[in-house]
Each structure stands twice: as structure tokens, then as C-alpha cells.
Amino acid sequence: MTDNTHATRMQKKKDVVDGRIAKATEERGVLILLKGNGKGKSSSAFGTLARSLGHGQQGAVIQFIKGRRETGEYLFFRDHPRLDWHVMGHGFTWETQDRERDIEAAQAAWKVAEGLLQDPNYHIIVFDEMSYMLKYGYLEPEPIVEALRNRPRHQSVIITGRTMAQPLQDIADTISTVQDERHAFRLGVKAQAGIEF
Ligand code: ATP
Ligand code: MG
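Because the structure is predicted, anything quoted here is derived from the model rather than measured.

## Regarding the overall build of the protein chain
Phase 1 of the analysis: Secondary structure assignment for the protein chain yields seven helices and six strands.
Phase 2 of the analysis: Taken from N to C terminus, the helices and strands of the protein chain fall in the order α-β-α-β-α-β-α-β-α-α-β-α-β.
Phase 3 of the analysis: Each principal axis of the C-alpha atoms in the protein chain carries an extent, and together these give about 70 × 45 × 35 Å.
Phase 4 of the analysis: Burial analysis of the protein chain (197 residues in total) assigns 39% to the buried set.
Phase 5 of the analysis: If you take every contact in the protein chain between residues at least 6 apart in sequence, the share linking residues at least 24 apart comes to 78%.

If you want it as C-alpha cells, here you go:
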């Protein structure tokens, strides 16, 4: 390819991109859904959270399912002055399968979530693993959709989870599916601090 052709092509690309940038003029918060079976949903959410906090914004996290161990992101972010971190999944009982208790835990988490969605002080909110609450029927989609729709205009929300309820997808601005192509676990590598949690 001659330099000239390359320059012409790049100029065309630039024109297209500039055109799109010129059209995207709205300033508002967005609803981002990160779904799929691959690794990278929660870590992406916390990466965006770091980005937002870096700009001096105020954030909140609700962990809907508490793992067996404290995660690195929790240990890193918990003392941040502009971040509130709520671990709400204490009640979830994969072992005993106590559905009533799970529903109570989910509803308690939702109460906190609802409060955040009404608070204009928060620029960014991460609802980590929230989608399971809908999948198992612990929470109904309607009040969640309603609260998301009525949140402060500048507030962004990121929801993670392998499967995403359709009503959430219907109102989302950005949806990314993380595809599972390969995972070290299946190669026999154990879950490691700093990589998996
Ligand atoms: P991460 O927190 O690493 O971004 P994730 O949020 O996309 O992962 P989850 O579905 O929440 O993934 O699963 C949490 C844990 O399971 C993480 O430790 C992650 O590394 C691991 N994991 C994610 N996807 C896979 C997979 N396809 N196979 C095996 N383990 C996985
Ligand atoms: Mg996750």
C-alpha cells in the first residue's frame, strides 16, 4: 500500500469517527450491563469505577452475592473516601438452599440499592452479580426498571452477572457480552488472589 492510499483511508476513517462524535452530544449517565460466561465482567465494572473515582466522582457498590473470601477489589476500594461499599449477600445460602432466607437477603439488598438510585450524590453505582436475584426470582424486574428509569440523570449504573433479565436489557444503554473462549481453571489452574478474587 502506498503512503498516499494509507493517508486517504485514514482520513476517511477520521471523517466517519468525527461525524459520529459530532452526533453524540447528549450528556447523561448510562446503564451498562456486563453479561456472558467469560471472565471479565466484575473486573471491568471495577475498572470503570476506578476511572470515575479518579475524576473525583462519588461511587457506591452493592455486592449482591458475598463470596467465601474477601476480594482484592473490596480490600482496595473499601477505604476510599468517595466510595460506599455494601456487602449484602451474607444471607445467601448455596449450601442449605433456604429460599425464604435468600429472598429476605435479596430484598434487604434491594432496599439499599433503591436508596442509592435516588441519591444524586452518586455518579456511579455498581450492582455486582445483581442479575442472579432476578434469575432466581428473588426480586421482580418491574421495581428495578422503575427505579433505574427514575434515577438522577447524571448517574451511571453498572450491573454484572452471567445472564441478564430482558427488562433490564430493554432499558440499557450499553450491553457487553464477555464470551468464554478459554479459562485457566479448565487448564487446571486454581483460583488465585489478585486474578480471580
Ligand atoms: P471477574 O471478577 O474475574 O471479572 P466475572 O465477574 O466475569 O469475573 P463471574 O461470573 O462473576 O465472572 O465469576 C466469578 C469468578 O469465576 C471469578 O473468579 C472468575 O475468574 C471465575 N470465572 C469467570 N468466568 C469463568 C469461566 N468461564 N470458567 C471458570 N471460571 C470463571
Ligand atoms: Mg463477577
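That was the structure; now back to the text.
## Overview of the packing of helix α4 (residues 99–117) against helix α6 (residues 141–149)
Two quantities define a packed helix pair, namely the angle between the helix axes and the distance between the axes.
Phase 1 of the analysis: Contact geometry of α4 with α6 gives a least axis separation of 9 Å together with a crossing angle of 20°. Considered as vectors, α4 and α6 are oriented roughly parallel to each other. In the packing of α4 onto α6, the handedness of the crossing is left-handed. Taken together, the residues of α6 that come into contact with α4 (itself represented by Trp 110, Glu 114 and Leu 117) are Pro 143, Ile 144, Ala 147 and Leu 148.

## Focus: the coordination of the magnesium ion (ligand 2)
Phase 1 of the analysis: Coordination sphere of the magnesium ion (ligand 2), protein contribution only: Ser 42 (OG) and Glu 129 (OE), at 2.1 to 2.2 Å. Of this pair, Ser 42 sits in helix α2 (residues 41–54) while Glu 129 sits in the loop between β4 (124–128) and α5 (131–135), and the two are 87 residues apart along the sequence. This pair shows no difference in class: Ser 42 is buried, exactly as Glu 129 is.

## A word on the sheet that holds strand β5 (residues 156–160)
Strand pairing in a sheet relies on backbone hydrogen bonds, with the paired strands running either antiparallel or parallel.
Phase 1 of the analysis: Strands sit in the order β3-β2-β4-β5-β1-β6 across an open sheet of six strands; the sheet is parallel. Of all strands in the sheet, those bounded by a partner on one side alone are β3 (83–87) and β6 (174–177). On average, each strand axis in the sheet is inclined to that of its neighbour by 10°, with strand direction left out of account.
Phase 2 of the analysis: Where β4 meets β5, four bridges bridge the pair, whose relative direction is parallel. Residue pairing for β5: Ile 124 is matched across the bridge by Ser 156.

## Considering the site of ligand 1
Phase 1 of the analysis: Neighbouring ligand 1 are 14 residues, the closest being Lys 39, Lys 41, Ser 43, Glu 129 and Arg 162.
Phase 2 of the analysis: Measuring from a nitrogen atom of ligand 1, one finds a backbone N or O atom of Asn 37 at 3.0 Å.
Phase 3 of the analysis: A distance of 3.0 Å separates an oxygen atom of ligand 1 from a polar backbone atom of Glu 196.
Phase 4 of the analysis: Relative to its free-state accessible area of 580 Å², ligand 1 is covered by the protein chains to the extent of 81%.
Phase 5 of the analysis: Within the shell around ligand 1, the residues separate by chemical class into one nonpolar, six polar and seven charged.

## Looking at the pattern of salt bridges
Close approach of charged atoms allows side chains of opposite charge to pair.
Phase 1 of the analysis: All told, the structure shown has six salt bridges when counted by the stated rule.
Phase 2 of the analysis: Via salt bridges that share partners, Glu 26, Arg 28, Arg 153 and Asp 173 belong to a single interconnected network.

## Considerations on α4
Phase 1 of the analysis: Helix length check: α4, at 19 residues, gives a terminal C-alpha distance of 26 Å against a target of 27 Å (1.5 Å per residue), a fit within 8%.
Phase 2 of the analysis: Inspection of α4 places Asp 102, Ile 103, Ala 105, Ala 106, Ala 109, Trp 110, Ala 113, Leu 116 and Leu 117 among the buried residues, and these make up the whole buried set. When α4 is viewed along its axis, its buried side chains cluster within an angular range of 160° and face the same direction. In α4, the exposed positions angled more than 90 degrees off the buried face are occupied by Glu 100, Glu 104 and Lys 111.
Phase 3 of the analysis: Of the surrounding secondary structure, the elements contacted by the buried residues of α4 are β2 (59–63), β3, β4, α5, α6 and β5.

How each quantity is defined
- All chains use their own residue numbering, which begins from 1 and follows the written sequence.
- The naming scheme follows written order: chains are lettered A onward, ligands numbered 1 onward.
- Per-residue local features are limited, in this predicted model, to residues with pLDDT of at least 70; the limit for side-chain atom pairs, both in listing and counting, is 80 or more; totals at the level of whole chains, interfaces and linings are taken over all residues.
- The side-chain figures draw on all heavy atoms in the structure; neither hydrogens nor water molecules are used.
- Strands here mean DSSP runs of E at least two residues long; helices mean DSSP runs of H or I at least four residues long; both are numbered from the N terminus.
- Relative accessibility decides the category of a residue: with a 1.4 Å probe and only protein chains considered, values under 20% of the type maximum give buried, values over 50% give exposed, and everything between is partly exposed.
- The contact criterion used is simple: two residues touch if any of their non-hydrogen atoms lie within 4.5 Å.
- Lines fitted to C-alpha atoms define the axes, with helix axes restricted to the stretch in contact, and inter-axis angles between N-to-C directions lie between 0 and 180 degrees.
- Geometric relationships in this document are graded by angle, where less than 35 degrees denotes roughly parallel, more than 145 denotes roughly antiparallel, 65 to 115 denotes roughly perpendicular, and other angles denote oblique.
- Each crossing gets its hand from how the near helix is turned against the far one by less than a right angle, where anticlockwise is left-handed and clockwise is right-handed.
- Donors, by definition, are the N, O and S atoms found within 2.8 Å of a metal, the threshold being 3.2 Å for Na, K and Ca, and water is not counted, so a site can look incomplete.
- Any two strands with at least two DSSP-identified bridges between them are counted as paired.
- In this text, near means that some heavy atom of the residue lies within 4 Å of the molecule or strand in question.
- Side-chain atoms alone can form a polar contact between residues adjacent in sequence; in general such a contact is a pair of N or O atoms within 3.5 Å, and within protein one must be able to donate a hydrogen while the other accepts it.
- For accessible areas, the Shrake-Rupley method is used with a probe of radius 1.4 Å. Any residue's cover is judged against the shown protein chains and nothing else.
- Residue classes follow a fixed rule: Ala, Val, Leu, Ile, Met, Phe, Trp, Tyr, Cys and Pro count as nonpolar, while Asp, Glu, Lys and Arg count as charged, and any other residue, Gly among them, counts as polar.
- Each salt bridge in this description consists of a side-chain nitrogen of Lys or Arg and a carboxyl oxygen of Asp or Glu lying within 4 Å of one another.
- Under the convention used throughout, the expected extent of a helix is 1.5 Å for every residue step, that is, one less than its residue count.
- Here the arc refers to the directions that run from the helix axis out to each C-beta atom.

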